[in-house]
Amino acid sequence: MPKRKIDYIKGGIYHIVQRGNNKAFIFDDQLDKAQFLDIIKKVNEKYPFNMLYYVLMDNHYHFLIEMKDISISKIMQALNYGYSVHYNKKYNRTGTIFGSPYKAYYIKDTKYLIRVIQYIAENPVKAKLVKQASAYKWCAHSEIISKQTDIVAKNRLFFYLSGEQEKGIDIYMDLLNSSQYFDMNLVEAKVFNEILSQQIKKEKLEVIIQEFCDDNGFNKTALFQDKRTNERTTIRKRCAKHASELGYTVNEIAAYLKITPRSVRMMIVSQKKPRS
């Protein structure tokens, strides 16, 4: 049976879980975990993404990732392959060290985001490795509370929690220390939900324009040509009008076409039929 393809949303946030084969250890010592963090940084340089939170356990790991242009599947393939090469070479073994394919859970709202951060942070506590989540070394916490930035995109995390850094770190500390009684009203849900809504709408517009071009025999690549041609002008006008009729704003269309709102407005107006 062919592997099911997952359609990831650009800019979407995902909770990633990867376990060892038959729940075996994937990190045999502290150096393995340190090496894994180095591999994360190298993969991030090649395939950019925002790491919002993470924890490394002995037999599995959790990520909270904000995807950019590169698919999560490509990121995970590079990460797991890179670490497998290290592990097999170090321990003179062959074969996969990971079990079933990683699981990716889409973060659809603020409440889910908060719960996932709490769940990830509590893993070492539940495993009785530490008494408090903040005491565990191999997680995002120490970097979040420090002034240095290494792996975690702290500004993005704080932005999703509150829209600003100072308030964001206060909310983070509150949710970490009060996982059972965290006040969800502290989080600016409107900030997260508006961003999420915009990301989904942008992703849908990409699909809409592609289908519109296919149905009308247009070459979609002409939309973004630097050279001004009659073909580019015609396709842009038709696509702008189509998107406008579906409820997209002038600014949203302009952002997609990478032109000014004024240009989009003129395209739409030029195609309106004069009143009789």
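Residues numbered from 1 in each chain as written. Predicted model: local features only at pLDDT ≥ 70, side-chain atom pairs only at ≥ 80, totals over all residues. Heavy atoms only, no water.

Draft legend 1. Structural context of the sheet that holds strand β4 (residues 103–106). Taken together, four strands build an open sheet; the order of strands is β2-β3-β1-β4 and the sheet is antiparallel. A single partner strand is all that each edge strand has here, and the edge strands are β2 (49–56) and β4. In this sheet, neighbouring strand axes are inclined to one another by 20° on average, regardless of whether the strands run parallel or antiparallel. The pairing of β2 with strand β3 (residues 60–67) spans seven bridges and is classified as antiparallel. (Pairing = 2+ DSSP bridges. Helix = DSSP H or I, 4+ residues; strand = E, 2+ residues; numbered from the N terminus. Axes fitted to C-alpha atoms, helices over the stretch in contact; angles between N-to-C directions.)

Draft legend 2. Focus on the pairing of β2. Extensive coverage of β2 is indicated by the burial of eight of its eight residues. Between β2 and β3, which follow one another and run antiparallel, lie three residues. (Buried < 20%, exposed > 50% of the residue type's maximum accessible area, 1.4 Å probe, protein only.)

Draft legend 3. Main features of the nonpolar core. Tyr53, Tyr61, Phe63 and Leu64 are the most contacted members of the largest nonpolar core, which has 59 residues in total. Going through the elements one at a time, β1 (13–19), α1 (30–46), β2, β3, α2 (72–90), α3 (110–126), α5 (154–161) and α6 (165–177) are the ones with two or more residues in this core. With seven residues, β2 is the single largest residue contributor to this core. Phe212, Leu223, Ala240 and Ala254 belong to the second largest nonpolar core, which has 20 residues in total. (Core = buried A, V, L, I, M, F, W, Y, C linked by side-chain atoms within 4.5 Å.)

Draft legend 4. A look at the pattern of salt bridges. According to the stated counting rule, one finds eight salt bridges in the structure shown. For Lys41, the salt bridge identified is with Asp38, shortest N-O distance 3.5 Å. A residue pair is termed a helical-turn pair when its members lie 3 or 4 positions apart in one helix, as Lys41 and Asp38 do in helix α1 at three residues. Given the relative accessible area of 27%, Lys41 is considered partly exposed. Where Glu245 meets Lys241, a salt bridge forms, and the shortest distance between an N and an O atom there is 2.6 Å. With Glu245 and Lys241 both in helix α8 (residues 230–245) and four residues apart, the pair spans about one turn of that helix. Salt bridges sharing partners connect three or more residues here, namely Asp29, Asp32 and Lys90. (Salt bridge = Lys/Arg side-chain N within 4 Å of Asp/Glu carboxyl O.)

Draft legend 5. Seen up close, unusual backbone geometry. Of note, the phi angle at Lys128 is positive, near 60°, even though the residue is not glycine. Inspection of the secondary structure puts Lys128 in the loop between α3 and α4 (141–145). At Lys258, a residue that is not glycine, the phi angle is positive and equals roughly 60°. Tracing the backbone shows Lys258 in the loop between α9 (250–257) and α10 (261–270). Relative accessible area serves as the criterion here: at 71%, Lys258 is assigned to the exposed category.

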